[in-house]
Structure formats: structure tokens, C-alpha cells
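# Working through the structure, step by step
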Amino acid sequence: LEAYWDPNSKRRNLADSKWRGRGRWMRRDDAEYRWPKLGKFQFTNDEFVWQEEESQDEPHNAARAHFYENDARQWYNKHKDEVFIFQCQWWEFVPVWRVGDPSGKILELSENKYEKLKEYIESMGIQAVRQMKKEYKQAFIAGPCVLERGDCPWEDGFTLMPVTGKRDAQKNCWFGIVRNLVQPQMWSNKFLSDLQDMIVSNRQGGAYVEQSALVNPRQAEEDWNTPNPLIMLQDGALSRGAIQDRSPPPLPPAVDRMVEWSLQAIPSVSGINQEFMGYADRDQPNVLEMQRKRSAMNVLATLFSSLRKYRKDRARAMLAMMREYRSDGRLVRSVIHI
């Protein structure tokens, strides 16, 4: 529920996304402690006023008109005193120079470093090629204010890593197992509710009674369904058959089979059978049970592939951060399950 992503991304785990983000509500005092720049906002009951002196003398900027028109309640909750912080990560192309080292290695220099060493590189006759490289950036935003902006913690990718399921090409969204189970579950609920309605609404305990058979018809109607009733009848009413029970209509003969079939449709649509979950309570050969488990794995292969890709990307990011931020000579044992 906190995730935001590039709608143009189509590959598994948003591998081809240009940006992705995460929004979270934070307490205002915690947010101001981490980003003191947020304290320049004047928090009032109705709106916020940016207290930066440089922006007070600037004229109205039409390109930022949506910031003036938007309601401040979209990113500040005055009742809970919380601020909506949006973390955004994206990549952009930057020019780099790849220079051949005399030892055979290829060095990568930024534009500024290459300009400083350009004369030396040309004098030595070293070949250099200008190429474009992806550079990952990160920013924290609160409403119209950019609280923090800089490089992404992992220089080779995003640290916000999602796990996606199957993709709906028409609606341009991702879905998992639950969406396919909505219709079978609704169908099963419909059959169960109809069966319950048939049982409840059927006439039970009624009877056909002649007018002259009862001593007090109103009192008999009130006491008919009581556990221990004493209903007074006229003499000879029972012998001449003046009272006959009214039997309820029977249920449709195939309704129980339809209910059972609708319940079996839920695991059939999802592809997760009882053997895969270990709930099968039947005597069957081991070969057949393994084949049914394998068939369930084939149906869920897309989800397992996304999970495996996520674990590999997460492992690369963790190892890179350990080399970058914990390279002080310590030995760290890493166990990664893929």
C-alpha cells in the first residue's frame, strides 16, 4: 500500500522501470528531527506557509501552480500531526569516459576528471571513449518541499525492490493469485446463500386446519411452535382429519452437487491443489502425488521466478552495501537462499 512505480514498466519485478517510490506517514517531530528543513513550514490548521526567505520575494510561478492549488491535507494530517514523506528513486544518464590503462585495465572517469586529465591522456596516446551511464538518484519529498536529494545507496540499482506477479496488459497492472479466486468465491457464496435461503424460507411447522376444528384459533396460532403446547380442539376433529400437516417443499436434487462443485472450483482455478499444500487425505501412489505437486509448481512458476529474481537482486545489493559501508576488516558470514 506504500508503493508507487513507473506505469510504463512491463518486465518482471519492474526491472525496466525508470523510477519507483514509497510513501509513508511519519510523525511531524520525527520528520523534523531527520530533516530540519521541514521546520521551515508554518503548520496551521488550514494551510501551510513556506517560511524560506528566498521564496517570499519570488513572483508567482505558473509551472508550480498545482502546489498552490492542492489541498495541504493530502500530505499533512493535522489531527494526528503526521506528515506524508515520499521516497523516490530514479536513474538518469550521465556522460562518462572510459580510458584504457597501460596495464590493460579500463578506467572510468567522470566528465570533470577527464577534462583535468585530457592533455595528459592525449599526450600519452591513450584511447578514450565517451559513453552514457545510468546513475541512480534518491530524494525525500514532503508536499512541495524536497527534503533530501542525492545518490542512491546502491550505485548499481534501486534499493526499493518489489516482487511482482502476473501482468494484466489491458489494465496495465500486476496481480497475483487472489484476483483469479474472486469469481469462484463469489459463485460459491451465491450457492451457499441460496441454499440457506431455501432452508430458512421453506414452510416448516404449518398445517391445514378447518375453522371448526379449533376452540381458540388465535391462541393455537401463537402456541403452535412452542415446545410444549396444549392446543384445544373440537370433539371429533382428529378422527375426521380436520388437521393435516403441511410438509415443506423438498430441496432441488442437484443443489448439493452444485455447492460441492463450486467449492472445488477455488483450488482448481488457483492451481494450488491439496497435494501441494499437504492436505490430501487419500490413498494414491507416490508417483501420482509428485506429479500433481509438479503441476502446481508449473502453474505458479511465474511467481516463483519473480521471488527468485528478487532474492538475487537483494543479495547483490546487500553484498555491495557490506563492501561499501562495512569494509573495516571484519569477517561477516553471509547465508543467502536463492
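These lines cover the structure that appears in this document, whether it is placed above or below. In this text, all values refer to a predicted model and were calculated from it rather than measured experimentally.

Here we take up the side chain of Asp 313. Following the sequence through the fold, Asp 313 ends up in helix 10 (residues 301–325). A polar contact is formed between the side chain of Asp 313 and the side chain of Arg 316, at a distance of 2.9 Å. Beyond its immediate chain neighbours, meaning those up to four positions away, Asp 313 contacts Trp 154 and Met 161.

The subject of this paragraph is the pattern of salt bridges. Using the criterion set out here, one finds 13 salt bridges in the structure. Note that Lys 137 and Glu 135 form a salt bridge whose closest N and O atoms lie 2.6 Å from each other. Here Lys 190 makes a salt bridge to Asp 194, at a shortest N to O gap of 3.5 Å. Pair noted here: Lys 190 and Asp 194 are both in helix 5 (residues 182–201), with a separation of 4 residues, about one helical turn. The class for Lys 190 is partly exposed, based on a relative accessible area of 48%. Given the relative accessible area of 29%, Asp 194 is considered partly exposed.

Another aspect to go through is helix 5. With 20 residues, helix 5 extends 28 Å between its outermost C-alpha atoms, agreeing within 8% with the 28 Å of an ideal straight helix rising 1.5 Å per residue. The inward-facing, buried residues of helix 5 abut helix 7 (255–270).

With that out of the way, let us pick up the pairing of strand 8 (residues 128–142). Strand direction decides the pairing type here: strand 6 (residues 82–100) and strand 8, joined by 14 bridges, are antiparallel. Paired with Val 94 across the two strands is Lys 133, which belongs to strand 8. Across 6 bridges, strand 8 lies against strand 9 (residues 145–151) in antiparallel orientation. If you follow Lys 137 over to strand 9, its bridge partner there is Asp 151. The turn joining strand 8 and strand 9, which pair antiparallel and follow one another in sequence, is formed by 2 residues; a positive phi near 65° is taken by Gly 143.

A word on helix 4 (residues 111–123). Between the first and last C-alpha of helix 4 there are 18 Å, a value that for 13 residues agrees with the 18 Å anticipated at 1.5 Å per step. Residue Leu 117 marks the point of greatest curvature in helix 4, where the axis turns by about 60°. Of the residues one or two after helix 4, Gly 125 is the one with positive phi, at around 70°.

On to the nonpolar core. Among the nonpolar cores identified, the biggest contains 18 residues, and Trp 35, Leu 38, Trp 75, Val 83, Ile 85, Ala 142 and Leu 147 are the most heavily contacted of them. Secondary-structure elements contributing two or more residues to this core are strand 6, strand 8 and strand 9. Looking at which element gives the most residues to this core, the answer is strand 6, with 6 residues. Ranked by size, the runner-up nonpolar core spans 5 residues in total, among them Trp 97, Val 99, Leu 109 and Tyr 114.

About the cut-offs
Residues numbered from 1 in each chain as written. Predicted model: local features only at pLDDT ≥ 70, side-chain atom pairs only at ≥ 80, totals over all residues. Heavy atoms only, no water. Helix = DSSP H or I, 4+ residues; strand = E, 2+ residues; numbered from the N terminus. Polar contact = N/O pair within 3.5 Å; in protein donor to acceptor, adjacent residues only side chain to side chain. Contact = heavy atoms within 4.5 Å. Salt bridge = Lys/Arg side-chain N within 4 Å of Asp/Glu carboxyl O. Buried < 20%, exposed > 50% of the residue type's maximum accessible area, 1.4 Å probe, protein only. Expected span 1.5 Å × (residues − 1). Pairing = 2+ DSSP bridges. Bend = angle between axes of the 7 residues up to and from the residue. Core = buried A, V, L, I, M, F, W, Y, C linked by side-chain atoms within 4.5 Å.

The analysis is restricted to geometry; functional conclusions fall outside its scope.
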